[in-house]
Each structure stands twice: as structure tokens, then as C-alpha cells.
Amino acid sequence: MMFILRPIAAASIPLAVLLASGACQAQNAVPVDVAPTCTVTPGMFQSWFLLDRVTPNGAVTPANSVKFNHDTVNPPASNKTINCNFYQWSQRMFLWLTSSPMRMYGGNGTVMDSVAFYSVLDSDDGKARCLVNRELGVNTCGGKPASVFNIRVNKPRFDKTDTVDKDSAVNQADGSGPKQADGAALMAQGGKMVYYTILVNDVYAFFASASGTKNPKLRFPTTQAELDKVLAWARQHHHQVPDADALALELKASWVDAGGLDTNRYITTVGEIPVFDTSDPQKWVQTGSRQALLALVGLHVVGSAAGHPEMIWATYEHDNNSPNGAYSYVNAKGATVAVPQEVPRGMLFSANGAIGPFNVQHMYVDPDASPLTIKASTGQTISPSDTLRTFPWGVSAALPIQPAQSAAQANSEVISINNSVRSLLKQGDIRRNYLLIGATWTNGGNDPYNPFQPVGGNNQPNHVGGNALANSTMETYVTLGNKLYNCFSCHNVGKATNTNVKATVGVSHIYESIKPFTDPKLNQLWERALTK
């Protein structure tokens, strides 16, 4: 696949939009008068860019996760809240991943599409997950690298034991592919199916290859000493690691066909997607595939960092995806402002003027059918549903918030850093059209446990940040519906209490089934890619 960065028209969207009660928005409105509780200084922002030059769509360097300040008691002096360094890490990583790659990464698209990242695909027999890099021509399962796109499907279960009925509205983001479990497929307005890709960076891939994938007690690297072991294995096997300080990263991206969209406002890629016989509104059967220009609509950025083997879980959406539900924030005068639910207008995942019901599953992928088959849910047809981002900034007042603060205060941190970063990006930078929805992590990097107790429960969760964090293109029906869950609802190892044990690789659903590297001549492929 190839990511293509296209410039934005200079007057395409205001930097931040003042909210008006009942206003209809083509893009999500972002309040400009929010209290500046989490910002990025111009000097800090400039230091993120290659050669300290801020340019439209310019190359950004990754956050140094080895030196990440994870002190949640005494935050850096420049930050006004203890969460801000996590949100700054998230923003820098997103800007780096969506940068045009520097020569050290090879490729012609973005960093995500470079030699430093590997797509994670199911093997032909479904028993393993292959690491694939089309730029290098690498497939750890052998054979020609396959298409990296597939229909977005649901999470297979709420937790380690619950089973799922295909009409139960349990939703996406597992990334396991349509063969693993029943799950809803998502369609945007205009009949655009949502496709997904999962990627890991070289540190993740080489850590899995060096350490093995069958030891559930392993932890993702968070220190220089742990990273050095990965780098030693890489040198021994002739691998290069241009982004070592970023530590281990896992990405999940959602895409739609870019046809009919303003591609000046989207990061795009060329990929192979399924073609269906759509004559039956109750059942679509794949008949082939085709090349298409695809637009990025959602991205999970997940990475280990100093003190946090459970990984920091951040998510981004395009600002034209889904209307925001009602929320509150704190303005610069210290007053709490209530924001009404947005009325969708020209949005990708809700019809104009939609008033509900929202987040109702319309279809699912039949896990037993071959070829790929999409079927309508009971009482539905294969058609777009109306999506509402119920918790616009990943926070629910109905769940415990750590550190202790109001939902309005927690929302304000995320809104504030969005305004800050968007104000510092140059006009014409396509990344101004994407919003950080939020991020979550755990106290002390411990295993997530009981993250879903209601307020007042005997055993409160240990996650911090977005307690209801979700992406409207990847957790449409489970998180944004009547279940108030965040990433750790599924990405946990099933502990019932806080044992003060650091998180293990079990938080990543793909780790244990990855087929590691065995090719000792990868350096030759690198050299060939870098000279293109």
C-alpha cells in the first residue's frame, strides 16, 4: 500500500470552531475558550520536527519513549496536569506516524507505510499472524505479501469467557479478521464499507522474534536495558531499527473508499479491497477484489514507554466522522460549560439531521462462510447506520476518573491539547483535520484490572485518562452504546484485583500468535528499499 499526503486548501477549515447551541456542523466543533490546561509550547513543538523546522506535512521525529516522563505525582513543570505528558506523547507519535518518511525509513508515503512498520495479517490456515512489509517484500509466513485490507469486524467477546451472538451488537477493533469470530461490519454513508489495517513497528516485531511469543509473562520493553536486548538481536540478524527510541508500537487504522470525498482533507493510501455482489440487501458475497484509493478515518496509536509496559492507548479520528454527544468542559474563566449533542450535517457516519437511534448494528460478517460474506442483522438490511460519538473526549461522568477530577476537567485537557497542536501546525497540513479523542494507561504500568466497576464499587479500576475511550469507527457498537468501556475492557489479562504487578504482553491480542522473523538476510532487502 502507499500513503499519499495531499495539501489542504488554505481556508478549508477554521483552526477551532466556536460552539453554538443547536448548530449543524460539517466538522466536529472544538471550543476555543477552553481552559489551557494541557498545551504544547512553540519551542517544544518545533523540536518535534526534523531539523526543528515546522512545515506543512513536515517530517516529525518520534517521541523518545525510553526517556518518557511517567511521573504521575510530580509532572513536568511545563505541564499543568499530570496527564499532559501522556497526551503530548500521543500527539507527537501521531504526527510522526503520518509524516512523509525520512530517507532512513524508505518508502514514498508516510512513516506507517515505510520499512519500519509491518502489517499483521492472518495466515492462510488462520493459525498464526504474519508480519508483512510490502516495501521489503517480506512475509514471515512465506509467500507473496497479501492485501493488507479487510472488512472491519467486531471484538469476539466482552471478556475472556463471554460468548457472542452475531446480533448482540458486540463490535469491532479486534483486528482478527472475519474468520475468527462473529462480528458487526460497519458502513459509512453512501454505502462505503469500513476496512482495517493492523501494524506493528520494528521494535515490536523484533522483540517478538527475539523473546518468543509463547511466554505470557513477558513485558514489552520500557527501559534502555530492555531495548538494548532487542537491538542486539536485530544486529545479530542483520536488521536495522531506525526508530528504536519509540519502543514497541501497535497501530490499528480504519479506512473507507475515498471516492466522493474531499481527498485534500484526508490521509490516503492505495489498497486492494473486496468486491461484493450487492444485489441482495440481506446478503453480500465477495466476488473479487479491486484497487482503490482509501481515506484514513480512524487510528489507534498504542505504545510502550518508560514505566508503562501496559502501553499508552491513544486514538484519533477525522473531524468529519461522527457527531459528538453532549459533554461539558471548563473554560478559561473557570466556568463549566455544557455542550449540547451535535446535529450531524455532511458527516461520514451519520445521516444529515439524524436524531437516533444511534449506534445500532445493521450487519455482520459470517465467520463460517467462504468466500467472505456479509449478512444483515435481524430486522435490518445491509446499509449505513447512524453513529454518535457518545463520549466525545473519551470521558464518562458515570465512571471513576483518575486522577480525581470532574468529567469537564478531564475533557478540557484533551480539548486544550487539540487546540494547541492544531494552532501550531501550518496551514495546508493535512493532519489538522484529525482530532485526538483521548488516551488511557494504568497507575504504575500495572496490569489493568476491573476497569468497569461503577462509581462506589469496592474495587476501583486502575486505569487513568479516558475512562470511556473509544473510536467511533472501531468500537461503534460496544463502547459507544450502553456499555461504558474503554480500551482495557478487552485489553487486560483477566485479573480481578490490583496485584501491583506490571502489565504483560497479554494486553496485546496479536502478540502470542505472531509468526516471528527467521530471514537472516533482511538487511539486503533494507538496502534495496532505501535506494529506491
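By the naming in an unreviewed UniProt entry, the chain goes by Cytochrome c family protein and is assigned to Chromobacterium vaccinii.

Caption draft 1: Just the overall build of the chain, in detail. Looking only at helices and strands, the chain has six helices and 20 strands in total. Per-residue burial for the chain yields a buried fraction of 59% across its 532 residues. Considering only contacts in the chain between residues 6 or more positions apart, those separated by 24 or more positions represent 72%.

Caption draft 2: Layout of the packing of aromatic side chains. This structure, assessed with the given rule, holds 20 aromatic pairs. A centroid spacing of 5.2 Å and a plane angle of 35 degrees characterise the contact between Tyr204 and Phe220, whose relative ring orientation is tilted. Residue Tyr204 is found in helix H3 (residues 202-211), and its partner Phe220 is found in the loop between H3 and helix H4 (224-236); the two are separated by 16 residues along the sequence. What makes Tyr204 buried here is its relative accessible area of 0%. Residue classification places Phe220 among the buried positions, given a relative accessible area of 1%. A centroid spacing of 5.9 Å and a plane angle of 40 degrees characterise the contact between Phe206 and Trp233, whose relative ring orientation is tilted. Of this pair, Phe206 sits in helix H3 while Trp233 sits in helix H4, and the two are 27 residues apart along the sequence.

Caption draft 3: Spatial organisation of the state of the cysteines. What the rule picks out here adds up to two disulfides. Two residues share a disulfide in this structure: Cys38 and Cys84, whose sulfurs sit 2.2 Å from each other. Between Cys38 and Cys84 the disulfide shows an S-S torsion of about 90 degrees. By sign, it is right-handed. Placement of the pair is Cys38 in the loop between strand S2 (24-25) and helix H1 (42-48) and Cys84 in helix H2 (residues 84-97), with a sequence separation of 46 residues. Neither residue differs from the other here; Cys38 and Cys84 are each classed as buried. For the chain, the disulfide bridges join cysteines in the arrangement 1-2, 3-4, where the cysteines are counted in sequence order.

Caption draft 4: Broad picture of the packing of H3 against H4. Where H3 contacts H4, the axes come no closer than 9 Å and their chain directions differ by 80 degrees. Of the possible angle classes, the one that applies to H3 and H4 is roughly perpendicular. Where H3 approaches H4, its residues Val203, Phe206, Phe207, Ser209 and Ala210 are matched on the opposing element by Leu227, Val230, Trp233 and Ala234. Class assignment of the residues belonging to the contact of H3 with H4 gives a composition of eight nonpolar, one polar and no charged.

Caption draft 5: Molecular detail of helix H5 (residues 407-424). Here H5 contains 18 residues, and its C-alpha end-to-end distance of 26 Å stays within 8% of the 26 Å for a straight helix at 1.5 Å per residue. The element H5 is largely enclosed, with a buried count of 15 among its 18 residues.

Caption draft 6: Quick look at the side chain of Asn419. Along the chain, Asn419 turns up in helix H5. Within polar-contact distance, the side chain of Asn419 engages the backbone oxygen of Pro31 at 2.8 Å.

Caption draft 7: Highlighting the packing of H2 against H5. Where H2 contacts H5, the two axes come as close as 11 Å, and the packing angle between them is 40 degrees. Taken together, the axes of H2 and H5 lie oblique to each other. The two elements H2 and H5 meet at a crossing, and its hand is right-handed. Residues Tyr87, Gln88, Gln91 and Leu95 of H2 form the contact with H5, whose participating residues are Glu413, Val414, Ile417, Asn418 and Val421.

About the cut-offs
Residues numbered from 1 in each chain as written. Predicted model: local features only at pLDDT ≥ 70, side-chain atom pairs only at ≥ 80, totals over all residues. Heavy atoms only, no water. Helix = DSSP H or I, 4+ residues; strand = E, 2+ residues; numbered from the N terminus. Buried < 20%, exposed > 50% of the residue type's maximum accessible area, 1.4 Å probe, protein only. Contact = heavy atoms within 4.5 Å. Phe/Tyr/Trp six-rings, centres within 6.5 Å; stacked < 30°, edge-to-face > 60°. Disulfide = S-S within 2.5 Å. Axes fitted to C-alpha atoms, helices over the stretch in contact; angles between N-to-C directions. Parallel < 35°, antiparallel > 145°, perpendicular 65-115°, else oblique. Nonpolar A, V, L, I, M, F, W, Y, C, P; charged D, E, K, R; others polar. Expected span 1.5 Å × (residues − 1). Polar contact = N/O pair within 3.5 Å; in protein donor to acceptor, adjacent residues only side chain to side chain. Left-handed = near helix turned anticlockwise from the far one by under 90°.

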